[in-house]
Amino acid sequence: MGVNQKTAWKMGHAIREMMDDRNGELMPLEDIVEVDEAYVGGAPKSLSGAYNPPGKGTGKPMIFVAASRDGQGRARVVANDQRATLEPVLLEWIDPATTNLMTDGSKSYRSLGKTMADHQYVIHSQKEYANPETGAHVNTAEAVISQVQRALVGVYHNLGRKHLQRYLDEIVWRWNHRDPVREVVKQWTTKAGVERQKSTTIWRPIPVVDQMRVLLQGAVGKQVRRSREYGLCWP
C-alpha cells in the first residue's frame, strides 16, 4: 500500500476495532456450547534453544473461549480460571436456561455447570477426550484456540498482552464468518460391537469482498486515534 510500518499497524488495529463486539450486538451462543481456556505467548519455538513451558504458572496471558457447534465463537482475555472470573464473561455470551454446556473436568467448570440447563464434561487427565454416550467434547473450542496458535506461529509471532484482545477479535470474527460446505459422516463399530456415528461440518471462509461488506456495515461510529503516548485510543 506504500505506507510505513507504523501506519500499517494503526490501520490494522482500526480494522480490528470494527471486528469487536463492544456494544454486545452479537446474538447469544445457543444450544450446545463448549468452553475451554488456553495460555498464549512465550518465546517462538523456532528460536534455537527456546523453552516455552505450557499452562499455568508461566506468566502467559490466559484466554477464555466459548464455541457453539453451529459455527459461532467468542474469546476474551481473562485474569484467571476461577469461576468468579469466568462466569460473568460466559453469561454475556449465553442464556444459561437453554444452554447445554460442554467442558473439561476443571473444578471451576463443574461449579459453573450447575447453573446451566445441562452440563457434560470430559476428563483429559484420564485421557478422555470425547464421550459418545453424552456427546461431550470440547473439540470445537479447541479448534478456535488452534486458530490463535496458528496466527501466533504463522502471522504475528508475538501477541503482546496489551493488544491481545484486538487480535482475538480479528481471529474470532474470521471464525464467525464462514459458510458450511458439506457434512461428512463417519460410521464405525467399537471393539465392544457398538455402532457409532459422527457427523462433521466442513467450513470455508466467505469471499473477501463479502467479508468487507459485512465489516463496513458496522463501521459507523467506531473511531480510533493515536494517543499522546503513541498508542491507540477511542474518542
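Conventions adopted
- Residues numbered from 1 in each chain as written.
- Predicted model: local features only at pLDDT ≥ 70, side-chain atom pairs only at ≥ 80, totals over all residues.
- Heavy atoms only, no water.
- Buried < 20%, exposed > 50% of the residue type's maximum accessible area, 1.4 Å probe, protein only.
- Helix = DSSP H or I, 4+ residues; strand = E, 2+ residues; numbered from the N terminus.
- Pairing = 2+ DSSP bridges.
- Axes fitted to C-alpha atoms, helices over the stretch in contact; angles between N-to-C directions.
- Parallel < 35°, antiparallel > 145°, perpendicular 65-115°, else oblique.
- Left-handed = near helix turned anticlockwise from the far one by under 90°.
- Contact = heavy atoms within 4.5 Å.
- Nonpolar A, V, L, I, M, F, W, Y, C, P; charged D, E, K, R; others polar.
- Salt bridge = Lys/Arg side-chain N within 4 Å of Asp/Glu carboxyl O.
- Phe/Tyr/Trp six-rings, centres within 6.5 Å; stacked < 30°, edge-to-face > 60°.
- Lys NZ or Arg CZ within 6 Å of the ring centre and 35° of its normal.

(A) Spatial organisation of the pairing of strand 2 (residues 62-68). Within strand 2, seven of the seven residues are buried, leaving the element largely enclosed by the surrounding structure. Sheet topology note: the strand 1 (residues 32-39)/strand 2 ladder contains seven bridges and is antiparallel. Bridge pairing links aspartate 36 to valine 65 in strand 2. Hairpin connection, strand 2 to strand 3 (residues 73-78): the antiparallel pair is bridged by four residues, and glycine 71 has positive phi, about 110°.

(B) Focus on the packing of helix 1 (residues 5-18) against helix 5 (residues 164-176). Running from N to C, helix 1 and helix 5 cross one another at 60°; their axes reach a closest spacing of 9 Å. One way to sum up the angle between helix 1 and helix 5 is to call them oblique. Between helix 1 and helix 5 lies a crossing of left-handed hand. Judged by residue contacts, Trp9, His13 and Arg16 of helix 1 engage Arg166, Tyr167, Asp169 and Glu170 from helix 5. Looking at the contact of helix 1 with helix 5 residue by residue, the classes come out as two nonpolar, one polar and four charged.

(C) The arrangement of the pattern of salt bridges in detail. A complete count under the given rule lists seven salt bridges for this structure. For the salt bridge of glutamate 170 with arginine 16, the shortest nitrogen-to-oxygen distance reads 2.7 Å. Remark: arginine 16 occurs in helix 1 and glutamate 170 occurs in helix 5; sequence separation between them is 154 residues. For the pair shown, glutamate 170 and arginine 16 are each scored as buried. Residue arginine 213 pairs with aspartate 210 through a salt bridge whose shortest N-O separation is 2.6 Å. On the criterion of helical spacing, the pair formed by arginine 213 and aspartate 210 is a turn pair, its members being three residues apart in helix 6 (residues 208-217). Given the relative accessible area of 48%, arginine 213 is considered partly exposed. Through salt bridges with shared partners, a single ionic network connects Arg16, Glu170 and Arg174.

(D) Inspection of the environment of proline 205 at higher detail. With respect to the element layout, proline 205 can be found in strand 7 (residues 195-205). Counting along the chain gives 25 residues from proline 205 to proline 180, while the straight-line C-alpha distance between them is 8.9 Å. If we skip the residues at most four places from it in the chain, proline 205 touches His177, Arg178 and Gln211.

(E) Structural detail: the packing of aromatic side chains. Throughout the structure, instances matching the rule amount to one aromatic pair. Against the face of tryptophan 175 rests arginine 178, its NZ or CZ located 3.8 Å from the ring centre. Seen from the ring of tryptophan 188, lysine 186 lies directly overhead, with NZ or CZ sitting 5.5 Å from the centre.

(F) Seen up close, the side chain of asparagine 131. The topology assignment puts asparagine 131 in the loop between strand 5 (118-121) and helix 4 (139-156). Residue contacts for asparagine 131: discarding those within four places in its chain leaves Val122 and Ala136.

(G) Broad picture of unusual backbone geometry. You will see that aspartate 31, though not glycine, has its phi angle at about 60°, which is positive. Its place among the elements puts aspartate 31 in the loop between helix 1 and strand 1.

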